[in-house]
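# Summary of structural features
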Amino acid sequence: MPADAPVSKRLQRSAGSIGGFVVVTLLTFIGLLAITFFIGRVVPIDPVLSVVGDRATQEQYDAAKIALGLDRPLVMQFFSYVGDVFQGDLGRSISTNRDVAADLTRVFPATLEMATLGIIIGVGLGVPLGVYAAARQGSWVDQIIRVFALLGYSVPAFWLGLVGLAVFYAGLGWVSGPGRVDIFYEGLVPARTGLMLVDAALAGDWDVFWNALDHLGLPAAILGFFSLAYIARMTRSFMLDQLGQEYVTTARVKGVPEWRVIWGHAFRPIRVPLITVIGLSYAALLEGSVMIETVFSWPGIGNYLTVALLNADMNAVLGATLVIGAVFILINKLSDVLYRVLDPRSR
Amino acid sequence: MTLLSVENLRVSFPTPSGPVEVVKGLSFDLGRERLGIVGESGSGKSMTGRAILRLIRSPGHQIADKMEFDGIDLQNRSERQMRQLRGARISMVMQDPKFSLNPVMTIGAQIAEALRVHEKLPRRAVRARVLEMLEAVRINDPERVMKLYPHEVSGGMGQRVMIAMMLIPQPDLLIADEPTSALDVSVQAQVLDLIDELVREKGMGLILISHDLNLVARYCDRIMVMNAGRVVETCAADDLHKAQHPYTQGLLAAVPRMEETRDELPVLDRSQWSGT
Amino acid sequence: MTTRQWLLADSPSSKLQANLGRGYRMMHALLRNPLAVVGMVILLVLIFAAAFAPWIAPYSPIGQNLGERLLPPSFEHWMGTDELGRDIFSRVVYGARITLMIVALVAVISAPMGLLIGAIAGYFGGWTDRILMGVTDVFLSMPKLILALAFVAALGPGIENAIIAIAITAWPAYARIARAETMTFRNSEFISAMRLLGASHARIITGHVLPLCTSSMIVRVTLDMAGIILTAAGLGFLGLGAQPPLPEWGAMISRGRTFILDQWWVATMPGFAIILVSLGFCFLGDGLRDVLDPKQGGKS
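Residues numbered from 1 in each chain as written. Chains lettered and ligands numbered in written order. Predicted model: local features only at pLDDT ≥ 70, side-chain atom pairs only at ≥ 80, totals over all residues. Heavy atoms only, no water.

## Thoughts on the overall build of chain C
Threshold: Note on conventions: DSSP H or I runs of at least 4 residues are helices, E runs of at least 2 residues are strands, and numbering of each starts at the N terminus. For each residue, the accessible area found with a 1.4 Å probe, counting protein chains only, is set against the maximum for its type, and the residue is called buried under 20%, exposed over 50%, and partly exposed in between. Residue contacts follow a heavy-atom distance rule, with two residues in contact if any of their heavy atoms lie within 4.5 Å. Using a 1.4 Å probe, the Shrake-Rupley method yields the accessible areas, and only the shown protein chains count as cover for residues. Neither His nor the chain termini are counted; the positive set is Lys and Arg, and the negative set is Asp and Glu. In plain terms, the charge of a residue is placed at NZ if it is Lys, CZ if Arg, CG if Asp and CD if Glu.
Check the secondary structure of chain C and you find 12 helices and 0 strands. In chain C, the succession of helices and strands from N to C terminus is α-α-α-α-α-α-α-α-α-α-α-α. With respect to the principal axes defined by its C-alpha atoms, chain C has extents near 75 × 55 × 30 Å. Classification of the 300 residues of chain C by burial places 52% in the buried group. Put simply, 67% of the contacts in chain C that link residues at least 6 apart link residues at least 24 apart. Entry remark: accessible area of chain C is about 13700 Å², with carbon and sulfur atoms responsible for 67%. Here chain C carries 22 positive and 17 negative side-chain charges, and the mean point of each set is 10 Å from the other.

Encoded structure:
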């Protein structure tokens with residue numbers, strides 16, 4: 001059956017790349033565990049102290065030392081650490097006195113919600129701006145978009161958050177201030193997904209929905225600005241590459257209108273690499289939310305991490321690092337594998 | 001009857017040290033005939049082809065005293081009016097199908113697009129025309145080829161796809177810019193014979209741009225030799241061996257013969273014509 | 001023969017002339033790029049401010065004056081005063097020293113580290129390459145800021161630890177570039193010739209491989225500087241970087257946070273300094289890339 005050959009071959013290839021994806025992702029994840037293990041148990045002068053905190057009593061200290069198995073060789077310690085993590089045991093937080101894993105599942109949706117809205121803003125504006133800048137290469141519009149994009153690499157997120165609060169909340173009163181909802185809306189809708197907008201919509205409580213959106217708007221827009229900068233820059237660069245290609249001239253020779261030359265021809269091949277770029281900047285937003293959440297008192301993983309940092313709560317710090325790192329790696333590798341599956345040339 | 005008339009065409013590009021002219025005052029007339037433009041790389045022959053379609057990309061700049069196609073002044077047309085001409089009346093086959101076909105669009109879609117931008121036709125009719133055109137360029141099993149991506153076909157087949165795409169709206173003038181230089185020698189003749197046959201059949205004008213003197217002499221009625229942006233000689237293809245200009249003679253002498261008796265091929269002595 | 005002609009000679013007669021000529025041509029190309037010139041000017045101002053801070057700053061960066069706390073920008077205090085009555089402009093000027101130090105130290109630690117690891121991996125290939133690049137890739141697919149935060153948390157807050165943490169997270173990108181560069185000329189004639197002459201691996205790497213990687217490295221480091229400044233400022237903002245009363249820009253923003261709604265200048269002014277310097281590095285890096293790597297020219 002020669003006609004079927006390409007299909008089975010295609011399946012085989014993507015199976016191969018998915019197999020490779022799993023192996024590479026697992027290895028990278030082990031690497032991440034090695035780094036967090038190293039940070040938690042090797043770097044501090046007294047790992048016990050960093051785990052129990054400096055307010056611990058002598059009994060707590062001794063108990064922790066035995067519980068951590070610090071008398072055993074490092075390799076053995078690492079294996080039991082990996083075992084614990086895979087069982088979902090990230091230790092106890094000294095500041096909340098709860099399981100770090102439980103804490104993280106509670107705070108993660110807030111970060112996810114903010115980053116997701118941020119990436120939607122970033123893609124929605126960044127891609128068209130990048131395409132437009134490339135189509136008008138060298139014009140003043142292009143220069144403005146270029147400088148605007150570079151600003152995204154130069155403005156501290158926490159500073160922009162503060163200025164945003166001062167201008168749009170205190171000054172103009174366009175948006176609501178810090179937090180996820182106003183205090184009197186808190187706890188009105190049952191937390192089914194942890195995503196405030198989704199929960200409010202599910203409960204049909206539109207007052208809460210609009211209030212939550214009002215709170216979410218500014219921090220998400222600021223995050224969106226950073227991904228916009230990166231996405232617009234990459235889109236512009238990809239588009240310029242394509243616009244210089246011969247097939248674009250072919251399309252013009254055929255008499256294809258310019259907007260179709262740009263969107264129908266030149267934009268097509270860059271959709272796949274753009275997925276990778278968008279994936280990367282989504283992952284970067286999860287990371288960038290650390291700074292933004294602190295400014296907006298947003299009860300997400302970034303805020304959790306910074307509070308833990310200030311309390312030298314090592315289990316919580318490492319747990320949050322591990323979760324953000326794992327999500328980061330996963331998105332990274334997923335967009336990589338998507339690239340290979342979606343591009344017709346790699347089939 | 002004149003199909004295309006060009007007078008004093010100039011194409012220039014800005015560089016840090018002032019503008020550089022790559023076509024310096026080119027004039028010629030073309031009927032429904034086959035004109036060959038020959039020259040070394042950098043002689044401005046490809047830029048001439050593009051300038052006729054007004055496709056010199058910014059920051060490049062083109063200007064001419066007159067550029068008239070079938071009674072239409074090409075210089076005064078708006079970009080929109082130019083688009084109605086491109087493909088539909090004047091078309092161009094480019095050098096390497098590896099680069100000149102969109103890598104992520106199927107062959108069928110690319111050919112169909114060339115037709116659809118100029119004619120409103122029902123889907124079925126478009127498909128029928130595409131199949132017909134693919135058959136006309138001698139592609140077996142056009143149904144299958146339509147669904148393929150450019151990287152899945154050979155260079156010769158890609159170039160035939162290119163020809164199909166450029167001829168499907170039935171233009172009056174075809175510019176072929178080095179249509180075979182990226183192909184294997186074995187398929188070069190096939191592709192050129194195909195272009196030749198289709199052009200004669202439809203009574204179109206052809207501009208064949210190439211660096212290969214013999215090839216141009218074989219497939220064209222008239223030959224224009226270009227060097228450094230200028231025409232140095234125009235002659236009938238049959239009279240090429242009687243060429244007067246030292247540059248043309250030099251080019252001819254540099255072509256190896258089947259029964260070579262010379263120990264060393266002569267190198268062009270540029271002092272005879274440059275600097276004048 | 002004029003100096004210009006000597007510099008632009010097609011066949012330089014000495015190594016010095018060749019190098020100077022190359023530098024001259026690059027400088028020339030760089031000066032034609034307006035954004036790169038802006039970037040250079042900004043960085044010169046930064047260096048100047050850092051070098052002559054005591055003469056430029058009208059007040060002491062740490063001297064408190066509680067009678068003049070939280071004054072808005074005026075002729076006496078260009079950027080106003082903070083909650084302890086310190087002149088913000090003077091603190092920003094002195095802050096240039098800290099920023100410059102962080103940036104320089106991170107570059108000095110991480111760039112050679114990445115360069116060496118990448119060059120060794122690319123030069124030897126095989127298992128050396130696979131292991132070194134495996135480690136590099138693991139580091140590369142980590143979130144840098146989070147990793148730096150975790151490192152500082154373990155090492156303890158402070159400016160030295162912040163620098164170490166940033167350097168640890170910055171090297172992998174340089175290793176990747178150095179490896180890619182090395183791979184392109186690993187099998188070239190001149191390397192084989194060196195080997196035939198009996199040069200040791202160490203000599204070939206330090207004498208020939210590393211110098212060839214430097215130009216792309218300089219571009220990359222310059223472009224990364226903005227990120228490094230932002231990370232350092234972020235650590236300062238969270239209280240993990242430079243400790244008070246050091247006039248570090250990020251830490252200054254953090255102090256001003258409390259007053260953002262009423263005394264906006266306390267937090268905003270140091271932010272402008274961060275943006276300006278980061279933009280300067282971005283502009284210069286973009287320009288340098290256009291000059292040193294023409295195939296990328298003007299694209300991104």
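## As for the sheet that holds strand S7 (residues 90-93) of chain B
Residue and element names in this part refer to chain B. To be explicit about the condition: Any two strands with at least two DSSP-identified bridges between them are counted as paired. Orientation is described by lines fitted to C-alpha atoms, with helices fitted over the stretch in contact, and by angles between N-to-C directions that extend from 0 to 180 degrees.
One open sheet holds the 6 strands; their spatial order is S7-S8-S9-S3-S10-S11, and the pairing between them is mixed. Since the sheet does not close on itself, it has two edges, and those belong to S7 and strand S11 (230-236), each with one partner. Across the sheet, the mean angle separating the axes of adjacent strands is 20 degrees when strand polarity is ignored. By the bridge criterion, 4 bridges tie S7 to strand S8 (residues 173-177) in an arrangement that is parallel. Following the sheet pairing, Ser 91 is matched in S8 by Leu 174. Strand contacts of helix H7 (residues 155-167): S7 and S8, with the helix running at about 175 degrees to S7, the strand carrying the most contacts. Helix H8 (residues 185-202) rests against strand S3 (34-38), S8 and strand S9 (205-210) of the sheet, and its axis sits at about 160 degrees to S9.

## Some remarks on the layout of surface pockets
This is how it is decided: Using a grid of 1 Å spacing that covers the protein atoms alone, one calls a set of points a cavity when a 1.4 Å probe fits there but cannot get out, and a pocket when the set is open and has protein on both sides within 12 Å along at least five of seven lines; lining residues are those with an atom within 4 Å of a point. Grid points are joined across faces, edges and corners, and a volume is the space filled by probe spheres set on the points. All amino acids are sorted into three groups, where Ala, Val, Leu, Ile, Met, Phe, Trp, Tyr, Cys and Pro are nonpolar, Asp, Glu, Lys and Arg are charged, and the leftover types, Gly among them, are polar.
When its volume is computed, the second largest pocket comes out at roughly 710 Å³. The wall of the second largest pocket is formed by 23 residues, among which Ala 135 and Arg 252 of chain A together with Arg 57, Ser 58 and Pro 59 of chain B lie closest to the centre. For the lining of the second largest pocket, the secondary-structure elements that each account for two or more residues are helix H5 (100-135), helix H9 (206-243) and helix H11 (258-266) of chain A together with helix H2 (79-85) of chain B. When grouped by side-chain class, the residues that make up the lining of the second largest pocket number 9 nonpolar, 5 polar and 9 charged.

## Here we look at the interface of chain C and chain A
To keep it simple, the criterion reads: Here the quantity called buried area is the total loss of accessible area, with a 1.4 Å probe, experienced by two parts when brought into contact, counted for both. For this analysis, a salt bridge means a side-chain nitrogen from Lys or Arg found within 4 Å of a carboxyl oxygen belonging to Asp or Glu.
Contacts between chain C and chain A engage 44 residues on the former and 48 residues on the latter. Interface of chain C and chain A: buried area, both sides summed, is about 4100 Å²; carbon and sulfur atoms make up 78% of it. Linking chain C with chain A are 2 salt bridges, by the criterion used here. Of the charged contacts, one joins Arg 233 of chain A and Asp 286 of chain C as a salt bridge, the two residues approaching to 3.2 Å between their closest N and O atoms.

## Looking at the environment of Ile 260 of chain C
The residue Ile 260 of chain C is located in the loop between helix H11 (249-256) and helix H12 (264-292) in this model. By relative accessible area, which is 7% here, Ile 260 of chain C ends up buried. When residues no more than four places from it in sequence are discounted, the contact partners of Ile 260 of chain C are Leu 162 and Ala 166 of chain A together with Ala 267 of chain C.

## Some details on the UniProt feature "domain: ABC transmembrane type-1" (unreviewed entry) in chain C
For clarity, the cut-off: UniProt positions are given in the numbering used here, feature names are shortened, and annotations may be inferred rather than shown by experiment.
Here the UniProt-annotated "domain: ABC transmembrane type-1" (unreviewed entry) positions come out as residues 96-285 of chain C. Between the end C-alpha atoms of residues 96-285 of chain C there is a gap of 19 Å, over a span that is 83% helix and 0% strand.

## What to know about the packing of H5 of chain A against helix H14 (residues 314-342) of chain A
Residue and element names in this part refer to chain A. Using the following cut-off: For classification, angles of less than 35 degrees are called roughly parallel, those exceeding 145 degrees roughly antiparallel, those between 65 and 115 degrees roughly perpendicular, and all remaining angles oblique. Each crossing gets its handedness from the near helix: less than a right angle anticlockwise from the far helix is left-handed, clockwise is right-handed.
Two elements in contact, H5 and H14, have axes whose closest approach is 10 Å; the angle formed by their N-to-C orientations is 50 degrees. The angle between H5 and H14 falls in the class oblique. Two packed elements cross with a definite hand, and for H5 against H14 that hand is right-handed. Between H5 and H14, the contacting residues are Val 100, Leu 104 and Phe 108 on the first element and Asn 315, Ala 316, Gly 319, Ala 320, Val 323 and Val 327 on the second. Class assignment for the residues of the contact of H5 with H14 results in 7 nonpolar, 2 polar and no charged.

## Description of the interface of chain A and chain B
Formally: Polar contact is defined as a pair of N or O atoms within 3.5 Å, subject to the rule that within protein one atom must be able to donate a hydrogen and the other to accept it, and that residues adjacent in sequence are counted only when both atoms are side-chain atoms.
Residue-level contacts link 21 residues of chain A with 28 residues of chain B. Here chain A and chain B share an interface that buries about 2200 Å² over both sides, 60% of which is from carbon and sulfur atoms. The tally of links between chain A and chain B comes to 3 salt bridges. Close ionic contact of Glu 113 of chain B with Arg 260 of chain A constitutes a salt bridge, the shortest N to O distance being 2.7 Å. Summed over the shared surface of chain A and chain B, the result is 10 residue pairs in polar contact (both at pLDDT 80 or more).

## Details of the pattern of salt bridges
Summed over the entire model, instances satisfying the criterion amount to 32 salt bridges over all chains. Measuring nitrogen to oxygen at the nearest pair gives 3.1 Å for the salt bridge that ties Glu 79 of chain B to Arg 86 of chain B. The partner of Arg 127 of chain B in a salt bridge is Glu 143 of chain B, with the nearest N and O atoms 2.7 Å apart. With a gap of 16 residues between them, Arg 127 of chain B in helix H5 (residues 123-136) and Glu 143 of chain B in helix H6 (residues 142-146) connect regions that are remote in the sequence. Among the charged side chains, a salt-bridge network with shared partners connects Arg 146 and Arg 233 of chain A together with Asp 286 and Arg 289 of chain C.

## Quick look at helix H7 (residues 157-171) of chain A
Selection criterion: The span one expects for a helix is its residue count, reduced by one, times 1.5 Å. Working definition for bend: take the seven residues up to and ending at a residue and the seven starting at it, fit an axis to each, and measure the angle between the axes.
Relative to the 21 Å expected for 15 residues at 1.5 Å per residue, H7 of chain A spans 19 Å between its end C-alpha atoms, a close match to the ideal helical length. Of all bends in H7 of chain A, the biggest is about 25 degrees, found at Leu 165 of chain A. Taken as a whole, H7 of chain A has its buried residues at Ala 157, Phe 158, Trp 159, Gly 161, Leu 162, Val 163, Gly 164, Leu 165 and Ala 166 of chain A. If you follow the buried residues of H7 of chain A, they end up packed against H9 and helix H12 (271-296) of chain A together with helix H10 (201-237), H11 and H12 of chain C. After H7 of chain A finishes, the residue Gly 173 of chain A shows a positive phi value of roughly 65 degrees.

## What about the side chain of Thr 99 of chain C?
Within the secondary structure, Thr 99 of chain C is located in helix H5 (residues 88-124). Take Thr 99 of chain C: its relative accessible area is 7%, and that puts it in the buried class.

## Looking at the domain arrangement of chain B
Residues and elements named next belong to chain B. Applied cut-off: In this entry, domain limits derive from an automatic or database-based domain assignment.
Domain assignment breaks chain B into domain 1 (1-89 + 173-243) and domain 2 (99-170). Taking only C-alpha atoms into account, the centre of domain 1 sits 24 Å from that of domain 2. With 16 residues of domain 1 at the contact, the number on the domain 2 side is 13 residues. Note on domain 1 versus domain 2: buried area summed over both sides is about 1200 Å², and carbon and sulfur give 70% of it. Its largest share of buried area at the contact with domain 2, domain 1 owes to Ala 88, Leu 194 and Leu 198, together 36% of the area lost on that side. Run the count over domain 1 and domain 2 and you get 1 salt bridge. Taking the shortest distance from any N to any O, the salt bridge between Glu 197 and Arg 138 comes out at 2.5 Å. Where domain 1 packs against domain 2, one counts 4 residue pairs in polar contact (both at pLDDT 80 or more). Top element by residues in the side of domain 1 that touches domain 2 is H8. It accounts for 7 residues. Each residue belonging to the side of domain 1 that touches domain 2 can be placed in one class, and the counts come to 10 nonpolar, 2 polar and 4 charged.

## A look at a nonpolar patch on the surface
Residue and element names in this part refer to chain A. Using the following cut-off: Only residues whose relative accessible area exceeds 30% and that take part in no salt bridge are eligible for patches, with like-charged residues grouped when within 9 Å of each other and nonpolar side chains (Val, Leu, Ile, Met, Phe, Trp, Tyr) grouped when within 5 Å.
There is a patch of nonpolar side chains on the surface, built from Ile 18, Val 22, Leu 26, Ile 30 and Phe 86 and spanning about 430 Å² of accessible area. Sorting elements by how many residues they give to the nonpolar patch places helix H1 (residues 5-42) first, with 4 residues. Topologically, Phe 86 is positioned in helix H4 (residues 74-86).

## Describing the side chain of Asp 129 of chain C
Residue and element names in this part refer to chain C. If you trace the backbone, Asp 129 turns up in helix H6 (residues 126-140). For Asp 129, a relative accessible area of 10% corresponds to the buried category. In this structure the side chain of Asp 129 is engaged in a polar contact, spanning 2.6 Å, whose partner is the side chain of Arg 179. If we ignore the near neighbours within four places in the chain, the residues touching Asp 129 are Ala 121, Gly 122, Gly 134 and Arg 179.

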